[in-house]
Amino acid sequence: MDALDRLAEPGLDLLRRVDTLLAAGAPEGHRVWPLLRRMQVLPGEAVRNFLDLHPAPLAAAGHTARRLIRGYDDVSAALTDPLLWSGPAASSYGQARAALLRHLDEGPESLVGRLESTAGYADALADWVEGSRLALARALADVLRCAEAVTVVAATSMPAGGPEQRGAAGPGGTEAAEIATRVLAVLCVAYDGAETLLRQWAPSLAESRWRAPVAERPRYDTPTRVGW
């Protein structure tokens, strides 16, 4: 359990109240509007969705990918054993074997290269999740103890009334928008980081395409013309 897990219950309770007030609208021109349009979700739901992200499964995926590399290393070692035969068939086999070795483990576009990139990407995502959860936990800790939270709790604890008592025009509307801004801004930064990681790693995660061996053209001796 990390800091975000420990703050989840009180944080979600406050954000549920914030969502209730925002559902009636936010003050016109408030800086929360661009964040709401971008995220397309209220802060309470956004945080609930983010709580399901944990770094451990991603780190485990990276370890699994690296364990697979050892199997490819064993196959490559077997393919490098010297041939005990010769002739046209041995030559053809040698070409196919060299092509398979290149495909298995030669450069970043090989199968081993792609596995290493996949493991690296999983590690980078795990670090992103861990850092983002910490940043979100700090944001929740800040809003839970801010003055706006007191107003939001008081506004949503009043007996239910008409629209004139709730929302942007009523008590707590502006304060709810302020809290939403702080939380959604952190989540926007987090998702920007995820998109940046994907752009950075995408070329290294492309399919490893098979490159067929180039068959050597048979060589024929030029016949010698004898005298007439």
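The preceding data block contains the structure.
Just so we're clear, the structure is a prediction, and the values are computed from it rather than from any experiment.

Novice: Explain the packing of helix H1 (residues 3–22) against helix H8 (residues 173–201) to me, please; I cannot follow it from the model alone.
Specialist: A pair of packed helices is captured by two measures, namely the crossing angle of their axes and the spacing between those axes. In contact at an axis separation of 9 Å, H1 and H8 are set at 120 degrees when each is read in the N-to-C sense. Here H1 lies oblique to H8, going by the angle between them. The crossing of H1 and H8 is left-handed. Of the residues in H8, those touching H1 at Leu14, Leu15, Val18, Leu21 and Leu22 are Ala176, Ala177, Ile179, Ala180 and Val183. Broken down by class, the residue content of the contact of H1 with H8 amounts to 10 nonpolar, no polar and no charged.

Novice: What exactly am I supposed to notice about the pattern of salt bridges here?
Specialist: Side chains that carry opposite charge are capable of pairing whenever their charged atoms lie near each other. Scanning all chains against the criterion turns up 9 salt bridges. Its salt-bridge partner being Arg133, residue Asp5 comes within 2.9 Å of it at the nearest N-O pair. Within this pair, whereas Asp5 is found in helix H1, its partner Arg133 is found in helix H6 (residues 111–144), the two being separated by 128 residues in sequence. Owing to a relative accessible area of 1%, Arg133 belongs among the buried residues under this scheme. With a shortest N-O distance of 2.2 Å, Arg38 and Asp192 are connected by a salt bridge. With Arg38 in helix H2 (residues 32–39) and Asp192 in helix H8, this residue pair connects regions lying 154 residues apart in the sequence. By sharing partners, the salt bridges in this structure join Asp2, Asp5 and Arg133 into a single network.

Reading the values: the criteria
- Residues numbered from 1 in each chain as written.
- Predicted model: local features only at pLDDT ≥ 70, side-chain atom pairs only at ≥ 80, totals over all residues.
- Heavy atoms only, no water.
- Axes fitted to C-alpha atoms, helices over the stretch in contact; angles between N-to-C directions.
- Helix = DSSP H or I, 4+ residues; strand = E, 2+ residues; numbered from the N terminus.
- Parallel < 35°, antiparallel > 145°, perpendicular 65-115°, else oblique.
- Left-handed = near helix turned anticlockwise from the far one by under 90°.
- Contact = heavy atoms within 4.5 Å.
- Nonpolar A, V, L, I, M, F, W, Y, C, P; charged D, E, K, R; others polar.
- Salt bridge = Lys/Arg side-chain N within 4 Å of Asp/Glu carboxyl O.
- Buried < 20%, exposed > 50% of the residue type's maximum accessible area, 1.4 Å probe, protein only.

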